[in-house]
Amino acid sequence: MDMKAKRRFIVLVLFISLFVKSYAQFVPPPTMPNYGALQRPNIPYSHNFNYLNNVQRDISAKYLFTITLQNDSTFTTRTRIILSDTAYHSIVVKHKKAKQTLFPENTKSISRVDYDGKVLIGIPADSCWLFKCDAGRINSYSFLAEPGINYVIAIQKAGNNPIVPLTKENLKLMIGTDDSKILEFIERKKFIKAIELYNKK
């Protein structure tokens with residue numbers, strides 16, 4: 001490649017970089033979905049901890065989270081949700097070179113945008129943040145800001161109903177006893193499969 005070609009190539013790369021940066025400044029932020037009024041759910045840490053016995057502690061990746069504190073101040077920082085055996089879930093934020101640990105009770109919400117542009121909003125529960133990951137006749141909530149229903153620990157009957165821990169008893173109360181196939185999945189502790197079948201009815 002001669003000098004003229006190299007110069008043209010460099011100019012082209014700089015132009016593309018400036019265009020992408022300028023375009024990003026004018027892309028409107030994603031619309032935050034309205035989940036309606038949600039009461040602070042009572043998800044005991046013991047329930048959360050029992051679930052986490054079966055998963056890795058380092059499964060939470062770092063993301064750019066938007067955090068709204070109890071005083072309504074909002075800021076964005078790159079952090080991860082910290083899973084602990086001995087304390088509630090938390091996140092560590094940095095401000096003016098100082099680190100601060102925030103727990104669910106310190107926030108009104110945390111959120112991030114996934115790769116598909118969907119906003120994943122976490123509402124504070126007693127021991128963790130709950131992210132609505134599936135909606136239907138029964139809504140599902142995850143303790144991680146991840147798409148899909150791999151980390152569901154809480155459920156909610158559609159409508160203005162409370163969010164409760166995902167247990168056999170709570171799921172039976174929501175589903176009833178009419179469908180023997182779904183009840184069989186619940187008895188075998190295949191709760192997600194039971195929810196998926198129920199939501200399809």
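Residues numbered from 1 in each chain as written. Predicted model: local features only at pLDDT ≥ 70, side-chain atom pairs only at ≥ 80, totals over all residues. Heavy atoms only, no water.

## Some details on the environment of Val92
Test applied: Think of it this way: any DSSP run of H or I at least four residues long counts as a helix, any run of E at least two long counts as a strand, and we number them from the N terminus. Burial classes: relative accessible area under 20% of the type maximum marks a residue as buried, over 50% as exposed, and values in between as partly exposed (1.4 Å probe, protein chains only). Contact between two residues is taken to exist if any of their heavy atoms lie within 4.5 Å; hydrogens are not considered.
Topologically, Val92 is positioned in strand E4 (residues 90–95). Under the relative-accessibility criterion, Val92 is labelled partly exposed at 29%. On a C-alpha basis, the gap between Val92 and Thr77 in space is 9.4 Å, while along the polypeptide they are 15 residues apart. With near-sequence residues (within four places) excluded, Val92 lies in contact with Thr79, Arg80, Ile82, Lys99, Gln100 and Thr101.

## Concerning the nonpolar core
We apply this condition: Here, nonpolar core means buried Ala, Val, Leu, Ile, Met, Phe, Trp, Tyr and Cys residues that are tied together by side-chain atoms lying within 4.5 Å of each other.
One finds Phe65, Ile67, Ile81, Ile91, Ile110, Leu130 and Phe131 to be the most contacted residues of the largest nonpolar core, which totals 24 residues. Of all the secondary structure elements, the ones that give two or more residues to this core are strand E1 (63–69), E4, strand E7 (119–124), strand E8 (129–134) and strand E10 (152–157). Ile149, Ile182, Phe185 and Ile195 belong to the second largest nonpolar core, which has 17 residues in total.

## Notes on the confidence of the model for the protein chain
Short version of the rule: Within a predicted model, pLDDT stands for the predictor's per-residue confidence, ranging from 0 to 100.
Looking at the protein chain as a whole, its pLDDT mean stands at 76, while 68% of the residues score no less than 70. When the criterion is pLDDT under 50, residues 18–39 qualifies, and its contacts beyond four places in sequence or with other chains add up to 17 contacts. The low-confidence segment residues 49–57 (pLDDT under 50) makes 14 contacts with residues lying over four places distant or belonging to another chain.

## As for the sheet that holds strand E11 (residues 163–165)
Basically, it comes down to this: Two strands qualify as a pair provided DSSP detects at least 2 bridges between them. Fitting a line to C-alpha atoms yields each axis, with helices limited to the stretch in contact; the angle taken between N-to-C directions then spans 0 to 180 degrees.
The antiparallel open sheet is built from 8 strands, whose spatial order is E2-E1-E6-E7-E8-E9-E10-E11. Two strands bound the open sheet, and with one partner strand each, they are strand E2 (74–79) and E11. Ignoring which end each strand starts from, the neighbouring axes of this sheet average 35° apart. Sheet analysis places E8 next to strand E9 (residues 138–142), joined by 3 bridges and oriented antiparallel. Residue pairing in the sheet places Lys132 in a bridge with Tyr141 of E9. Relative to E10, helix H3 (residues 168–175) is tilted by about 25°, and along the sheet it contacts E9, E10 and E11.

## A word on a positive patch on the surface
The test is simple: For patch building, the residue pool is restricted to those with more than 30% relative accessible area and no salt bridge; the joining distance is 9 Å between like charges and 5 Å between nonpolar side chains (Val, Leu, Ile, Met, Phe, Trp, Tyr). Here, Shrake-Rupley sampling with a 1.4 Å probe gives the accessible areas, and only protein chains in the shown set may cover a residue. A pair is scored as a salt bridge if a Lys or Arg side-chain nitrogen falls within 4 Å of a carboxyl oxygen belonging to Asp or Glu. Working convention for charge: Lys and Arg count positive, Asp and Glu count negative, and His plus the chain ends are omitted. A charged residue contributes its charge at one atom only: NZ of Lys, CZ of Arg, CG of Asp or CD of Glu.
A cluster of like positive charges, contributed by Lys62, Arg78, Arg80, Lys94 and Lys99, occupies part of the molecular surface. Here Arg78 shows up in strand E2. Given a relative accessible area of 54%, Arg78 falls into the exposed group.

## Digging into the packing of aromatic side chains
Counted only if it meets this: Working definition: a ring pair exists when centres of Phe, Tyr or Trp rings (six-membered ring for Trp) sit within 6.5 Å. Plane angles under 30 degrees give stacked, over 60 give edge-to-face, the rest tilted. In this analysis the charged atom, NZ for Lys or CZ for Arg, is taken to sit over a ring once it is within 6 Å of the ring centre and within 35 degrees of the ring normal.
Using the criterion set out here, one finds 2 aromatic pairs in the structure. Judged by centre distance (6.3 Å) and plane angle (80°), the rings of Tyr63 and Phe65 are edge-to-face. Neither residue differs from the other here; Tyr63 and Phe65 are each classed as buried. Taken together, a centroid distance of 5.7 Å and an interplanar angle of 70° make the contact between Phe143 and Tyr151 edge-to-face. The class for Phe143 is buried, based on a relative accessible area of 0%. You can call Tyr151 partly exposed: its relative accessible area is 22%. Here the guanidinium or amino end of Arg112 rests over the ring plane of Tyr63, the centre of that ring lying 3.5 Å away. In this structure, Arg137 is placed above the aromatic ring of Tyr198, and the distance from its NZ or CZ to the ring centre is 3.9 Å.

## Describing the packing of helix H4 (residues 180–187) against helix H5 (residues 191–200)
Put simply, the test is: Any angle between 65 and 115 degrees counts as roughly perpendicular, while under 35 counts as roughly parallel, over 145 as roughly antiparallel, and the rest as oblique. Rotating anticlockwise by less than a right angle from the far helix to the near helix defines a left-handed crossing, while the corresponding clockwise rotation defines a right-handed one.
Where H4 contacts H5, the axes come no closer than 7 Å and their chain directions differ by 160°. Accordingly, the angle class assigned to the pair H4 and H5 is roughly antiparallel. Along this stretch, H4 crosses H5, giving a crossing that reads as left-handed. Between H4, through Lys181, Ile182, Phe185 and Ile186, and H5, the contact on the second element is made entirely by Phe191, Lys193, Ala194, Leu197 and Tyr198.

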